[in-house]
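Residues per chain are reported as follows:
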Amino acid sequence: MLELTDICADYGHIQALKGISLRVGRGEIVALIGANGAGKSSTLNTISGIVRASSGSIIYKGKNITKSHTDSIVRSGIIQVPEGRAILTTMKVSENLELGAFIRKDKRQIKKDIDEILTRFPILGSRLNQPAGTLSGGEQQMLAIGRALMGRPELLLLDEPSMGLAPLMVREIFNIIADIHKTGTAILIVEQNARMALKISSRGYVLETGNIMIEDTSESLLNNRKIIDAYLGG
Amino acid sequence: MFYQQLANALALGAVYSLFAIGFTLIFGVMEIITLAHGAVFMVGAFAGYTAATKFGLGIIPCLIISMAASGFIGFVLDLVAIRPLRKKKFHHLAPMIATIGCATIITSIYQGIFGAEAYRFPFDFVPNENYEFRGIQLTQLQLTIIFTSFILMIMMIFFLNKTKWGKAVRAVAENSRTGALLGIPVERVYQFTMIISSSFGGAAGVLTGLNFNTIHTFMGGPILHRGIAVIILGGMGDIRGAMAGGLILGFAEVLSVAYISSDFRDAVSFGLLFLILLIRPSGIFGKKIERKG
Ligand SMILES: Nc1ncnc2c1ncn2[C@@H]1O[C@H](COP(=O)(O)OP(=O)(O)O)[C@@H](O)[C@H]1O
Ligand SMILES: [Mg+2]
């Protein structure tokens, strides 16, 4: 479904990606793990067209999107939930959700989808008219994910969805991700919480300073001595 | 007498608000201060004037033509001066210099065509009638100015808060990267913002020309200074703030002319703005927090 081949990207003289190749199959969950600064976010941003690849190619559903603009990449079905507080804090919760459906025109179905999101995330329902900035960290992450779902992604890119959340909330977010996967959405998840990410994914890539060091099934990565020592806390 | 001054102040302030609302929207969305907004205002005034005198059109078609002309100038400004810098992740000040350059060019061209003298709208352009509300005399001209300004501003607020594209504009204003990740064509939002804001500037030009019964090629300078003061006073990027700030400045000017001296008009009103800013350094509606991380 998505295939990156030898992607390089830089920020001026900082070379963030040094030839990344990875793929995500239809309906698959793939984990991308690695230390801080390894290039995980840069990889997702290159896929989303926010960071330009200096070389290499990105093929999505048979189409070369390496040079496409972010808005057309989003319209083609690749939606990213960026890291950190990526919601629109000054806008209402309801407006955030509506904007998630910006690329869609089926008004009636959008209304239904909002209702569905609200049944999935009941906490958002009681806060619809509040500025999204007043939500707690976990609620904001739910809103960010709910908003992404409003765009009906075929491939969801999640950048550290558990970052800065309390353990209970982390578990909840991962349950939600597993649920989303069950509906057939492919997911590429970036995590520092490698254990959780590998547990829900079928395959994983380990990124180190802009290079893919290891690629394997998540099961063998979870049992790989080197990975356990370096990323799974011994 | 006092109430009469309030009517004058409302007409003056409404036009300041109209000018400033676009000016502040450009800042809020694009994070630039376009110093060509005064020139755009002048272009709008002359477009309305030309439509009125050469083609004998009424006020509504003149306003529409003026808004179209100034909107077009805004589009060109973005294309030649702002967009190239945006692509290069500009420094704050670069667009200011680029837009000063454009303002100078536009003003010079207009001075070449129209010279430096003052022009007037046809004398019966707005019927010279008076209306009385509870003892306050309002001319039809004042009513027209106040009504037009507020209708346009209400339309802008409705657009920004209630329509899909308006919400997209606000999303880009808060965080262009997040906006892009929602599939919003950010470049088009920028272009659109320049067009709509400039067209509001142009409408303000026509209304100012009518209010003072005079337009000239260097009318962009004074309004630009006031516009800057108003958007700082209101809180940079804040639409309500620009509206409130424009009205406050209008009242300050009219009342200082009426009760102090016309020589001190600018000194008094800008002094007042300074005082407000001492109390609220980030403006009336300004946020204490930085806009973006
Ligand atoms: N906007 C940026 N400008 C300059 N350097 C950046 C920028 N974003 C990331 N980098 C650098 O690129 C490298 C990879 O960063 P990133 O992709 O954010 O890593 P990760 O998400 O794995 O923590 C790091 O060295 C980081 O400092
Ligand atoms: Mg990151």
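See the structure printed just above.
Please read these numbers as outputs of a predicted model, since none were measured by experiment.

Reading guide: rules and limits
- Residues numbered from 1 in each chain as written.
- Chains lettered and ligands numbered in written order.
- Predicted model: local features only at pLDDT ≥ 70, side-chain atom pairs only at ≥ 80, totals over all residues.
- Heavy atoms only, no water.
- Helix = DSSP H or I, 4+ residues; strand = E, 2+ residues; numbered from the N terminus.
- Rg over C-alpha atoms; globule rule 2.2 N^0.38 Å.
- Buried < 20%, exposed > 50% of the residue type's maximum accessible area, 1.4 Å probe, protein only.
- Contact = heavy atoms within 4.5 Å.
- Axes fitted to C-alpha atoms, helices over the stretch in contact; angles between N-to-C directions.
- Parallel < 35°, antiparallel > 145°, perpendicular 65-115°, else oblique.
- Left-handed = near helix turned anticlockwise from the far one by under 90°.
- Buried area = accessible area lost by both parts, 1.4 Å probe.
- Salt bridge = Lys/Arg side-chain N within 4 Å of Asp/Glu carboxyl O.
- Polar contact = N/O pair within 3.5 Å; in protein donor to acceptor, adjacent residues only side chain to side chain.
- Nonpolar A, V, L, I, M, F, W, Y, C, P; charged D, E, K, R; others polar.
- 1 Å grid on protein atoms, 1.4 Å probe; cavity = no way out; pocket = protein on both sides within 12 Å on 5 of 7 lines; lining within 4 Å.
- Points joined across faces, edges and corners; volume = space filled by probe spheres on them.

Along its length, chain B carries 11 helices and 2 strands. Starting at the N terminus and walking to the C terminus, you meet the elements of chain B as α-α-α-α-β-β-α-α-α-α-α-α-α. In terms of overall size, chain B behaves like a compact globule, its C-alpha atoms giving a radius of gyration of 19 Å where 293 residues would be expected to give roughly 19 Å. Principal-axis analysis of the C-alpha atoms gives chain B an extent of 55 × 45 × 35 Å. With 293 residues in all, chain B has 52% of them scored as buried. Summarising the internal contacts of chain B: among those between residues at least 6 apart in sequence, 77% fall at separations of at least 24.

This part covers the packing of helix α1 (residues 2-30) of chain B against helix α2 (residues 37-54) of chain B. Residue and element names in this part refer to chain B. Taken N-terminus to C-terminus, the directions of α1 and α2 make an angle of 140°; their axes are 11 Å apart at the nearest point. The angle between the axes of α1 and α2 places the two elements in the oblique class. In this structure, α1 meets α2 at a crossing whose hand is right-handed. Contact residues: α1 offers Phe19, Gly22, Phe23 and Ile26, while α2 offers His37, Gly38 and Phe41.

Each partner contributes to the interface: chain A provides 24 residues, whereas chain B provides 17 residues. Between chain A and chain B lies a buried interface of about 1800 Å² when both sides are counted; carbon and sulfur atoms form 62% of it. For the pair chain A and chain B, the number of links is 2 salt bridges. The salt bridge involving Lys167 of chain B is made with Glu98 of chain A; its shortest N-O contact spans 2.4 Å. Applying the counting criterion to the chain A and chain B interface returns 7 residue pairs in polar contact (both at pLDDT 80 or more). Elements with a minimum of two residues in the side of chain A that touches chain B: α2 (70-75), β6 (78-81) and α3 (93-100) of chain A. Tallying contributions element by element places α3 of chain A first for the side of chain A that touches chain B, with 4 residues. When its residues are assigned to classes, the side of chain A that touches chain B shows 12 nonpolar, 7 polar and 5 charged.

Let us now look at empty space enclosed by the protein. Empty space among the atoms becomes visible once a probe the size of a water molecule is rolled across them. Counted by the stated rule, this structure contains 2 cavities of 30 Å³ or more. One number sums up the size of the largest cavity: a volume of about 60 Å³. Around the largest cavity, the lining residues are Ile79, Gln80, Val81, Pro82, Ala144, Arg147 and Ala148 of chain A together with Leu181 and Leu182 of chain B. Here the lining of the largest cavity is built from residues that sort into 7 nonpolar, 1 polar and 1 charged. Taken as a whole, the second largest cavity holds about 40 Å³ of empty space. Lining of the second largest cavity is provided by Val74, Ile79, Gly100, Ile103, Arg147, Ala148 and Gly151 of chain A together with Leu181 and Leu182 of chain B. Here the residues of the lining of the second largest cavity sort into 6 nonpolar, 2 polar and 1 charged.

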